[in-house]
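# Examining the three-dimensional arrangement
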Amino acid sequence: MQLNFSVVWGYLPMFGDALLVTLKVTVCSLFFALLLSIPLSLCKISNVRPLQWFANFYTSIFRGVPILVQVFMMYFGIPIATGIKMNAFTAGTVVFSMNSAAYISESMRGGIRAIDRGQYEAAMALGVRYPGMMKDIILPQAIKSVLPSLVNEFIGLLKNTTLIASIGLVDILRVGQLIQAATYRAFEPFFVISVFYYILVMALSRLGKALERWVNKSDRG
Amino acid sequence: MIEVKNLFKRFGALEVLKGVSLSVEAGEVVSIIGPSGSGKSTLLRSINLLEKPTYGEIWVDERLITPPDPYLHPEVIRASHTYNRIRGRFPDDGSAIREIREKDLLHERFEGAAYREKIKAITESSFLDTNEVREKIGMVFQHFNLFPHMTVLDNMIYAPTHVKKLPKEQAVEKARALLQNVGMLDKIDAYPGTLSGGQKQRVAIARTLCMDPEAVLFDEPTSALDPEMVKEVLDVIKRLATTGITMILVTHEMGFAREVSDRICFLDQGIVIEDAPPDVFFSTPKSERARTFLEKVL
């Protein structure tokens, strides 16, 4: 077999755009997932039963249904059922955000539970109200302790974004499929794609490590 | 300033406080001592409502901070259990009748005109909100409970700026003065993780004082410290005692309690056994239990 990477070079500009799409979906989903996971985890630790039920039900849905099915549901199913039309980017971002939020809220709940009782008591004894206590004292410590698993979750999210190729958005994976269709070559494009993702994931985990070191500065002073 | 009346606290089947009454005037320093498990910490924690009393009243500055509910009175609960049990089985000896009568008496005591009067009086005098209580009464913990993700300065100014809405410059100024007082000014930008136990506790005391409390509760402030650090913390508390601030201490340091306190309150098995000035208590304890306790610890 003869390998011929030159067939891929011609498509390099397309890879540039596709990379931007992948990054955009990842970063947006990541942002909304974090935003959504905080109220979800607060629901899970609250004493109000209906809030717990809601959050647990939410999590079970997004853990229980394959993510590709969720993407199809959001892009093809929901518009028919409700009349709300979404473009592929929005549908993908919504699914990935909601899906990741379910997983992140689970680890966040564990992180909050692990905070010493004394931290709550000290805050209460100083007259700090619940919202301030959570925002400034409990959550910062909880997020710090779950940071490693957050980085993991983000890596998973990045790789999951390949699923938007299936609803027609041109991300890195989709470019590979296009090259394959045009040139009948499979190894070279998918090899290049693998390298792309590998580099992205490595960069992300490096970033995570740096972030961990930065937030842990208070341990050493 | 602080008045505890007939306080009960039950954790499940375990009754920790069995009718404790304690009155602390403004500016007084009171030490609560007693064997472990006697309910000292529970009593202290009830005063700023970190524990919710099962029954009883706590008054701060003449305002009630605990909700009035006579039906939670242990005697009422006990009697009504008895009553139900007897009704189910049908009694055949005189004791059951006596118990039912006892229950009716309790009802009479808590219901009717007197009860309604009491509720009315309480509503009129108005409650003190839990958060207000905590702004008035600071607390120092055995395990310091500094916020590990904040520097010493941020630990100090967080509550003043967020709860009391003090401008930041003022809060910083105050924090610096207080840190100077406890000899920790050079560590103002350090994180708690880098401090020794004694240093942490001194910062924790300064943090509590930064809220300008009228009273401070100390829950075994030196029990988690290495022996060589106990003195630096006790010195800080000693100096604080002379400033006229109201203090209630739970402590195992008998010499210290004797030196700084205006009164000693000896608690055993959830009951106040003695409440006396330190010289009287330590030289001539009235009760057998206090004598036994002192023999063991002195």
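Since the structure is predicted, the reported quantities are computational estimates derived from the model, not experimental observations.

### A look at the pattern of salt bridges
Under the defined criterion, the tally for this structure stands at 20 salt bridges over all chains. One connected set of salt bridges, linked through shared partners, spans K231, D235, K238 and E259 of chain B.

### Quick look at a nonpolar patch on the surface
All names here are of chain A. Residues L3, F187, F191, V195, Y198, I199 and M202 make up a contiguous nonpolar surface patch of about 670 Å² in total accessible area. Tracing the backbone through its elements, the reader meets M202 in helix 9 (residues 187-215). You can call M202 partly exposed: its relative accessible area is 36%.

### What to know about the packing of helix 7 (residues 130-160) of chain A against helix 9 of chain A
All names here are of chain A. Their axes nearest at 10 Å, the elements helix 7 and helix 9 cross at an angle of 165 degrees. Classified by the angle their axes make, helix 7 and helix 9 are roughly antiparallel. You can see that helix 7 and helix 9 cross each other, and the crossing is right-handed. Facing K144, L147, P148, V151, F154, I155, L158 and K159 of helix 7, the residues of helix 9 in contact are Y197, L200, V201, L204, S205, G208, L211, E212 and V215. Residue composition of the contact of helix 7 with helix 9, by class: 12 nonpolar, 2 polar and 3 charged.

### Overview of the sheet that holds strand 5 (residues 63-64) of chain B
All names here are of chain B. Here 4 strands make up an open sheet; going across it, the order is 2-1-4-5 and the pairing antiparallel. Two strands close off the open sheet at either side, each with one partner strand: strand 2 (14-24) and strand 5. Alignment of strand 4 (residues 55-60) against strand 5, held across 2 bridges, turns out to be antiparallel. Bridge pairing in strand 5 places V60 opposite R63. Lying over the sheet, helix 1 (residues 40-47) contacts strand 1 (2-11), strand 2 and strand 4, oriented at roughly 120 degrees with respect to strand 1.

Cut-offs applied
- Residues numbered from 1 in each chain as written.
- Chains lettered and ligands numbered in written order.
- Predicted model: local features only at pLDDT ≥ 70, side-chain atom pairs only at ≥ 80, totals over all residues.
- Heavy atoms only, no water.
- Salt bridge = Lys/Arg side-chain N within 4 Å of Asp/Glu carboxyl O.
- Patch = residues over 30% accessible without salt bridge, like charges linked within 9 Å, V, L, I, M, F, W, Y side chains within 5 Å.
- Areas by Shrake-Rupley, 256 points an atom, 1.4 Å probe, with all protein chains shown as cover.
- Helix = DSSP H or I, 4+ residues; strand = E, 2+ residues; numbered from the N terminus.
- Buried < 20%, exposed > 50% of the residue type's maximum accessible area, 1.4 Å probe, protein only.
- Axes fitted to C-alpha atoms, helices over the stretch in contact; angles between N-to-C directions.
- Parallel < 35°, antiparallel > 145°, perpendicular 65-115°, else oblique.
- Left-handed = near helix turned anticlockwise from the far one by under 90°.
- Contact = heavy atoms within 4.5 Å.
- Nonpolar A, V, L, I, M, F, W, Y, C, P; charged D, E, K, R; others polar.
- Pairing = 2+ DSSP bridges.

Purely spatial values, then, with no claim about function.
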